[in-house]
Amino acid sequence: MEEIVWHYKAFDDLTAKELYKIIQLRNEVFVIEQDCIYQDCDGKDLVCGHLWATVDGEVAAYSRIVPKGFSYENEPSIGRVISNQKFRRFGFGKQLMKNSIQVIENQFKTSAIRISAQAYLKEFYSSFGFEQVSEEYLEDDIPHIEMLRK
């Protein structure tokens, strides 16, 4: 396996090929693997930053960095957090979250981040300082919780 390479770009700076690979992985994980039909292209991508890792040219992990005012009024957010099934045993998901938090702290000058987390990942997100701040709710028929990092 080649070295992991991290990328971060605004939507307008993504190449068509990069965007295609990102959307392809999002569909593989959220639509096919999780058997969830939902509208992935929700308009937010246009205003978000996009953070991803590649290994041998393949997208290994991805998140979108959402400025405040788009998902949540008062805090930026991290969304569409995914790891490619092929690379899950390498811990890229943890690196992805660390890097996502760092991008928000550097770009938005805040450590406050609010996310909508799939409920089964509560402990994973808790390990990065997120605390549950809502009751469980369904989003696209998948149990979620709102979590906040201060």
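Structure shown above.
All values derive from a computational prediction rather than experimental measurement.

What counts, and at which threshold
- Residues numbered from 1 in each chain as written.
- Predicted model: local features only at pLDDT ≥ 70, side-chain atom pairs only at ≥ 80, totals over all residues.
- Heavy atoms only, no water.
- Helix = DSSP H or I, 4+ residues; strand = E, 2+ residues; numbered from the N terminus.
- Expected span 1.5 Å × (residues − 1).
- Buried < 20%, exposed > 50% of the residue type's maximum accessible area, 1.4 Å probe, protein only.
- Core = buried A, V, L, I, M, F, W, Y, C linked by side-chain atoms within 4.5 Å.
- Contact = heavy atoms within 4.5 Å.
- Pairing = 2+ DSSP bridges.
- Axes fitted to C-alpha atoms, helices over the stretch in contact; angles between N-to-C directions.
- Disulfide = S-S within 2.5 Å.
- Phe/Tyr/Trp six-rings, centres within 6.5 Å; stacked < 30°, edge-to-face > 60°.
- Lys NZ or Arg CZ within 6 Å of the ring centre and 35° of its normal.

(A) Molecular detail of helix α2 (residues 92-108). If you check α2, its first and last C-alpha atoms are 23 Å apart, about what 17 residues at 1.5 Å a residue would give, namely 24 Å. Regarding α2, the residues found buried are Phe92, Gly93, Leu96, Met97, Ser100, Ile101, Val103 and Ile104. Of the residues trailing α2, lysine 109 is marked for its positive phi of about 55°.

(B) Spotlight on the nonpolar core. Counting residues in each nonpolar core, the largest one holds 15 residues, and the members touching the most others are Ile78, Ile113, Ile115, Tyr125, Phe130 and Met147. Those elements that provide at least two residues to this core are α2, β5 (113-118) and β8 (142-149). Among the elements that make up this core, the one with the highest residue count is α2 (four residues). If we skip the residues at most four places from it in the chain, isoleucine 115 touches Tyr72, Ser77, Ile78, Tyr125, Phe130, Ile145, Glu146 and Met147. Counting residues in hydrophobic clusters, the runner-up holds 12 residues, among them Leu25, Val29, Phe30 and Tyr62.

(C) Region of the structure containing the sheet that holds strand β2 (residues 49-55). Within the open sheet, the four strands sit side by side as β1-β2-β3-β4. Their pairing is antiparallel. In this open sheet, the two strands that pair with only one neighbour each are β1 (5-10) and β4 (77-83). Across this sheet, the average inter-strand angle for adjacent strands is 15°, counted without regard to direction. The pairing of strand β3 (residues 58-66) with β4 spans five bridges and is classified as antiparallel. Opposite arginine 64, over in β4, you have glycine 79 as the bridge partner. Lying over the sheet, helix α1 (residues 16-33) contacts β1, β2, β3 and β4, oriented at roughly 75° with respect to β4.

(D) Region of the structure containing the state of the cysteines. The final tally for this structure, using the stated rule, is zero disulfides. Unpaired in this structure, cysteine 41 has its nearest cysteine sulfur neighbour in cysteine 48, at a distance of 12 Å.

(E) Inspection of the packing of aromatic side chains at higher detail. Inspection of the entire model under this criterion finds seven aromatic pairs. Look at phenylalanine 87 and phenylalanine 90: their rings are 6.5 Å apart centre to centre, the planes differ by 45°, and that puts the pair in the tilted class. Classification of phenylalanine 87 as buried rests on a relative accessible area of 4%. Judged by relative accessible area, phenylalanine 90 falls into the partly exposed class, the value being 34%. Taken together, the ring pairs in this structure connect Phe124, Tyr125, Phe128 and Phe130 into an aromatic cluster. The ring of tyrosine 72 carries arginine 114 above its face, with NZ or CZ at 5.9 Å from the centroid.

Purely geometric numbers; function is a separate question.
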